Amino acid sequence: MAAQHITVDIPEKILLAEKTDAHAFGKELRVLAAVKLFEMGRLSSGRAAELAGMGRVEFLLSLSRYNVFPLASELHDLEENHA
C-alpha cells in the first residue's frame, strides 16, 4: 500500500523541551494520533495500529498508557442494546 507523506513544522523549542529529536517525536505523534482517532471511533484498531506503525495486539496493549479502554465502543453498544 502506498504511503503519503505529511509534513508538520515543529518548533525547535518543543523538541528541546521534550528532550527528543525530530524522528522520535514524529513517531510519537503518529502513535498519539492513532490512539486519539481510535478513541474517537474514526479508525478501527487495525487501521490505528497501521498508523502507529505497530501490530494490532501491540497497539491494543499500548492503549492503557493513554488511559484508553480498548473495548469502549463494544461496551457502549452493549449498554445501548441493554437499555
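What counts and what doesn't
Residues numbered from 1 in each chain as written. Predicted model: local features only at pLDDT ≥ 70, side-chain atom pairs only at ≥ 80, totals over all residues. Heavy atoms only, no water. UniProt positions renumbered as here; feature names shortened; annotations may be inferred. Helix = DSSP H or I, 4+ residues; strand = E, 2+ residues; numbered from the N terminus. Buried < 20%, exposed > 50% of the residue type's maximum accessible area, 1.4 Å probe, protein only. Contact = heavy atoms within 4.5 Å. Expected span 1.5 Å × (residues − 1). Polar contact = N/O pair within 3.5 Å; in protein donor to acceptor, adjacent residues only side chain to side chain.

Turning to the protein, the UniProt annotation filed under Sequence similarities (unreviewed entry) states: "Belongs to the UPF0175 family."

### With respect to the environment of R56
Tracing the sequence through the fold places R56 in helix 4 (residues 56-62). Judged by relative accessible area, R56 falls into the partly exposed class, the value being 48%. When the C-alpha positions of R56 and S45 are compared, they lie 6.4 Å apart, and in sequence the two are 11 residues distant. Apart from the residues lying within four places of it in its own chain, the contact partners of R56 are S45, G46 and A49.

### Focus on the side chain of S45
Among the structural elements, S45 can be located in helix 3 (residues 45-52). The class for S45 is buried, based on a relative accessible area of 11%. Setting aside anything within four residues of it in sequence, one finds S45 in contact with F38, R56, F59 and L60.

### Considering helix 2 (residues 22-39)
Relative to the 26 Å expected for 18 residues at 1.5 Å per residue, helix 2 spans 25 Å between its end C-alpha atoms, a close match to the ideal helical length. What helix 2 keeps buried is the set F25, V31, A34, V35 and F38. Against helix 1 (12-18), helix 3 and helix 4 lie the buried residues of helix 2. The backbone nitrogen of H23 has a side-chain oxygen 3.2 Å away, supplied by the residue at the start of helix 2, namely D21. With its phi angle positive at about 80°, G41 sits one or two positions after the end of helix 2.

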